[in-house]
Structure formats: C-alpha cells, structure tokens
Amino acid sequence: MEDSSSAAYIRLVHRLIEECILFNMSKEECMEALSKHANIKPVITSTVWNELEKENKEFFEAYSRSRAERGCERETRQRIQNMVSDSSKERV
C-alpha cells in the first residue's frame, strides 16, 4: 500500500502540472518551473506527467497539437511584426 504522504505529494505534483497546462507550458517548461518554484525534482514531474499522458492520451495529443498551432501563430505574428518594423525603418 502506498504511503499517504507519498500519495499526497503525487497529488500536489499532479495539481501543479495541471496549473502548468493552464499556462500552456510544455513538459520541459513545467519541469523547470516546478523545480525552480516548488522545489520538485524534474524526474518526479516527468514521471507524473508521463502517467497523466498514459491515462489521458487523447487530451495530451490535442494539447500537443494546440501548442504546435499556437507556436506557428506566434511565429507568423513575429514575422509580420518584423516586416512592419523593417519597412518603417526603410522610410526614415
């Protein structure tokens, strides 16, 4: 039987991972954030994340697609912003 303090710790990590997901963080970003701000070892975060992925495969597939799409949108916005910035410099 699992120790209740271990189970509580895993539930805490699980909840914090859910918070990271709300902030649209990748697994690596989440591991770094929890290590820095909650003093949780990256291996613990990674293990809990992997278990969540196994239990919620469809959600994480959609989440990964959504993150990739947002990344493309950010890249496009950045390129447009750079083009506008460059064109305004040429006018001067």
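Residues numbered from 1 in each chain as written. Predicted model: local features only at pLDDT ≥ 70, side-chain atom pairs only at ≥ 80, totals over all residues. Heavy atoms only, no water.

Enquirer: I keep staring at the overall build of the chain and nothing clicks. Help me out?
Expert: Assigned secondary structure in the chain consists of four helices and zero strands. Seen in sequence order, the chain has helices and strands lined up from the N terminus as α-α-α-α. By the compact-globule yardstick of 12 Å for 92 residues, the chain is too spread out, its C-alpha radius of gyration being 19 Å. By principal-axis analysis of the C-alpha atoms, the chain measures approximately 70 × 30 × 15 Å. Residue burial in the chain is summarised as follows: out of 92 residues, 23% are buried. Considering only residue pairs separated by 6 or more positions, the chain has 55% of its internal contacts joining residues 24 or more positions apart. Averaging the coordinates of the 15 positive side-chain charges in the chain and doing the same for the 17 negative ones gives two points 4 Å apart. (Helix = DSSP H or I, 4+ residues; strand = E, 2+ residues; numbered from the N terminus. Rg over C-alpha atoms; globule rule 2.2 N^0.38 Å. Buried < 20%, exposed > 50% of the residue type's maximum accessible area, 1.4 Å probe, protein only. Contact = heavy atoms within 4.5 Å. Lys, Arg positive; Asp, Glu negative; His and termini not counted. Charge placed at Lys NZ, Arg CZ, Asp CG, Glu CD.)

Enquirer: Could you clarify how one ought to interpret helix H1 (residues 4-22) in this entry?
Expert: The α-helix advances 3.6 residues per turn, and as a result positions three or four apart in sequence lie on the same side. The terminal C-alpha atoms of H1 lie 27 Å apart, and with 19 residues this matches the ideal 27 Å at 1.5 Å per residue to within 8%. Every buried residue of H1 is accounted for by Ala7, Val13, Leu16, Ile17, Cys20 and Ile21. In the stretch just after H1, Asn24 is the one whose phi turns positive, near 60°. (Expected span 1.5 Å × (residues − 1).)

Enquirer: Before we go on, may I ask you to explain the packing of aromatic side chains in this structure?
Expert: Two descriptors summarise a pair of aromatic rings, namely the distance from one centre to the other and the angle between the planes of the rings. Summed over the entire model, instances satisfying the criterion amount to four aromatic pairs. A ring pair is formed by Phe60 and Tyr63, whose centres lie 6.5 Å apart and whose planes are at 85°; its orientation type is edge-to-face. Of this pair, Phe60 and Tyr63 both sit in helix H4 (residues 57-91), separated by three residues, roughly a single helical turn. Residue Phe60 shares its accessibility class with Tyr63, and that shared class is buried. (Phe/Tyr/Trp six-rings, centres within 6.5 Å; stacked < 30°, edge-to-face > 60°.)

Enquirer: For this particular structure, what's the right way to read the confidence of the model for the chain?
Expert: Keep in mind that low pLDDT regions are not for reading the predicted coordinates in detail. Of the residues in the chain, 91% have a pLDDT of 70 or more, and the chain-wide mean is 88. Per-element mean pLDDT across the chain ranges from 80 in H4 up to 98 in helix H3 (residues 42-55). (pLDDT = per-residue confidence, 0-100.)

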